[in-house]
Amino acid sequence: MGTSIAGLEGVIAGESEICYIDGYQGILSYRGFNIHTLADNASFEEVIFLLWNGWLPKRAELDQLKKNLVAERELPAGVIDFLNCAANGNPMDVLRTAVSMLSVYDVEAQDMSAEANHRKAVRLMARTAEIVSGFDRLRKGLAIVPGDPNLGFSANFLYTLTGNRPDDVMERAFDVAMVLHADHELNASTFAARVTAATLSDIYSSVTSGIGALKGPLHGGANQDVIKWLLDLGDEEAAVERVKNTLARKVKIPGFGHRVYRTEDPRATHLRVLSEELGKRTGHEKLYRLSQRMEETVKEIKGLDPNVDFYSASTYYSLGIPIDLFTTIFAVSRMSGWTAHVLEQYRNNRLIRPRAEYKGNPDGQTWIPIGQR
């Protein structure tokens with residue numbers, strides 16, 4: 001056996017045509033389209049279609065996807081009952097369980113044909129968003145807001161969450177955030193989803209595995225830690241001092257550094273702009289200024305760049321999204337990537353079964369009867 005590599009860092013674990021990353025040059029692309037190009041030009045629905053199919057949709061294809069996403073939003077009554085009962089639950093726990101429950105109410109749940117799996121991917125995209133917004137409404141004692149068929153995916157999410165139709169700037173900002181979080185190659189949650197899919201388990205089981213992995217603070221939960229940091233700071237000088245003191249104690253600061261990127265995370269480039277624009281628009285510009293000073297100080301002392309979590313924290317907060325929903329928002333977007341990878345895994349499947357480098361006594365232990373131990 002070869003030498004093991006901790007965390008499988010740098011190990012090629014499979015082939016994919018969905019996402020490309022060059023961590024040294026700061027390049028991220030979906031299906032060959034640079035993330036900057038997509039953030040500047042694409043709607044989230046166009047990115048969903050691109051990830052699933054491999055090409056940009058024509059007008060009729062995009063209109064059909066939008067229509068299908070609206071048509072599949074409604075949650076089964078049993079899932080709504082669960083959301084009512086789980087009002088005090090951790091949002092990621094609730095999301096994980098509710099997504100898994102969807103399979104119970106899907107007559108095509110066990111149909112593994114490519115056509116059925118594509119239809120289930122549409123349902124998962126639509127209903128994951130509905131679970132998050134519906135859960136937040138119900139736990140506040142408010143009625144679930146039905147989606148508006150005239151609104152796009154991102155606008156509908158903000159509308160069903162808050163009860164208010166977002167203006168064009170807020171809608172576009174959230175749409176860009178969705179595009180930026182849609183996929184990121186074989187990250188922990190996507191790999192977990194593909195491992196489950198490789199057993200030929202169903203797509204619901206696969207993405208539930210992904211949600212479980214995303215929950216961890218070393219993966220999807222970091223932006224909640226970032227906003228808690230920012231809200232606990234008094235002013236810019238206090239931010240600088242706290243960063244210095246924290247780093248002096250050899251404690252990591254959430255939102256900085258990345259396992260893959262050795263330069264700035266290209267997603268952070270756009271989120272920094274969104275944080276500033278939305279901060280000015282919603283009265284939260286202080287959070288952006290504090291973020292800037294934190295970034296400058298960490299860069300000066302440690303040479304680390306912000307990752308996708310850092311500026312997404314203040315962006316989501318400025319949009320009025322509750323802090324404990326931040327990671328579920330990540331899941332709403334990443335559902336597009338998870339489902340794309342699961343569909344790709346099914347098309348060219350091989351069971352994913354790595355080996356471990358065993359470190360114990362390999363064999364030959366002498367059995368001792370229980371009375372003599």
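Preceding this paragraph is the structure being described.
Fair warning: this is a prediction, and the values are worked out from it, not measured in the lab. (Residues numbered from 1 in each chain as written. Predicted model: local features only at pLDDT ≥ 70, side-chain atom pairs only at ≥ 80, totals over all residues. Heavy atoms only, no water.)

Overview of the overall build of the chain
- Tallying secondary structure elements over the chain gives 16 helices and three strands in all.
- Counting only C-alpha atoms, the chain reaches 70 × 55 × 45 Å along its principal axes.
- For the chain, with 373 residues in total, the buried portion stands at 50%.
- Considering only residue pairs separated by 6 or more positions, the chain has 74% of its internal contacts joining residues 24 or more positions apart. (Helix = DSSP H or I, 4+ residues; strand = E, 2+ residues; numbered from the N terminus. Buried < 20%, exposed > 50% of the residue type's maximum accessible area, 1.4 Å probe, protein only. Contact = heavy atoms within 4.5 Å.)

With respect to the nonpolar core
- Counting residues in hydrophobic clusters, the biggest one holds 97 residues, and the most contacted among them are Y30 and M294.
- A per-element tally of this core places helix 16 (residues 326-347) first, with 11 residues. (Core = buried A, V, L, I, M, F, W, Y, C linked by side-chain atoms within 4.5 Å.)

Let's talk about the sheet that holds strand 2 (residues 27-30)
- Overall, antiparallel pairing links the three strands, which are arranged 1-2-3 in an open sheet. Each end of this open sheet is capped by a strand with a single partner; those strands are strand 1 (19-22) and strand 3 (33-34). (Pairing = 2+ DSSP bridges.)

Observations concerning the packing of helix 9 (residues 188-198) against helix 10 (residues 203-214)
- It is at 7 Å that the axes of helix 9 and helix 10 come closest, and there the two elements cross at 150°. Classed by the angle they form, the pair helix 9 and helix 10 counts as roughly antiparallel. The chirality of how helix 9 crosses helix 10 is right-handed. Mapping the contact onto sequence places A188, S189, A192, A193, T196 and A197 in helix 9 and S205, S206, S209, G210, A213 and L214 in helix 10.
- The class makeup of the residues in the contact of helix 9 with helix 10 is six nonpolar, six polar and no charged. (Axes fitted to C-alpha atoms, helices over the stretch in contact; angles between N-to-C directions. Parallel < 35°, antiparallel > 145°, perpendicular 65-115°, else oblique. Left-handed = near helix turned anticlockwise from the far one by under 90°. Nonpolar A, V, L, I, M, F, W, Y, C, P; charged D, E, K, R; others polar.)

Overview of the packing of helix 4 (residues 77-85) against helix 5 (residues 91-102)
- Across the interface, helix 4 lies against helix 5 with an axial gap of 10 Å and an inter-helix angle of 160°. Looking at the two axes, helix 4 sits roughly antiparallel to helix 5. Both helix 4 and helix 5 take part in a crossing whose hand is right-handed. Contact with helix 4, carried on its side by G78, V79, F82 and L83, involves V94, T97, A98, M101 and L102 of helix 5 and no other residues of that element.
- Its residues assigned to classes, the contact of helix 4 with helix 5 comprises seven nonpolar, two polar and no charged.

What to know about the packing of aromatic side chains
- Taken as a whole and assessed by the stated rule, the structure comprises eight aromatic pairs.
- Members of the aromatic cluster, connected to one another through ring pairs, are F157, F174, Y316 and F326.
- One Lys or Arg, R373, reaches over the ring of W367 and ends 4.7 Å from the middle of that ring. (Phe/Tyr/Trp six-rings, centres within 6.5 Å; stacked < 30°, edge-to-face > 60°. Lys NZ or Arg CZ within 6 Å of the ring centre and 35° of its normal.)

Considerations on unusual backbone geometry
- Residue R31 is not a glycine yet carries a positive backbone phi of 50°.
- With a phi angle near 55°, E185 is a residue other than glycine that sits in the positive phi range.

Notes on the pattern of salt bridges
- By the definition in use, this model includes 27 salt bridges.
- Close ionic contact of R242 with D232 constitutes a salt bridge, the shortest N to O distance being 3.4 Å. One end of the pair, R242, is in helix 12 (residues 236-248); the other, D232, is in the loop between helix 11 (222-231) and helix 12, with 10 residues separating them in the sequence.
- Overall, R242 belongs to the partly exposed group, its relative accessible area being 29%.
- A salt bridge links R293 to E237, with the nearest nitrogen and oxygen atoms 3.4 Å apart. Separated by 56 residues along the polypeptide, R293 in helix 14 (residues 285-302) and E237 in helix 12 bring together distant segments of the chain.
- R293 gets classed as partly exposed once you look at its relative accessible area, which sits at 22%.
- Residue E237 is classed as partly exposed on the basis of its relative accessible area, which comes to 48%.
- Ionic contacts of the salt-bridge type, sharing partners, join the residues E72, D106, E108, R119, R123 and R127 into one network. (Salt bridge = Lys/Arg side-chain N within 4 Å of Asp/Glu carboxyl O.)

Overview of helix 11
- Summarising burial for helix 11: seven of the 10 residues are buried, a large majority.
- Listed as buried for helix 11 are A222, N223, Q224, V226, I227, W229 and L230.
- If you follow the buried residues of helix 11, they end up packed against helix 12, helix 14, helix 15 (308-318) and helix 16.

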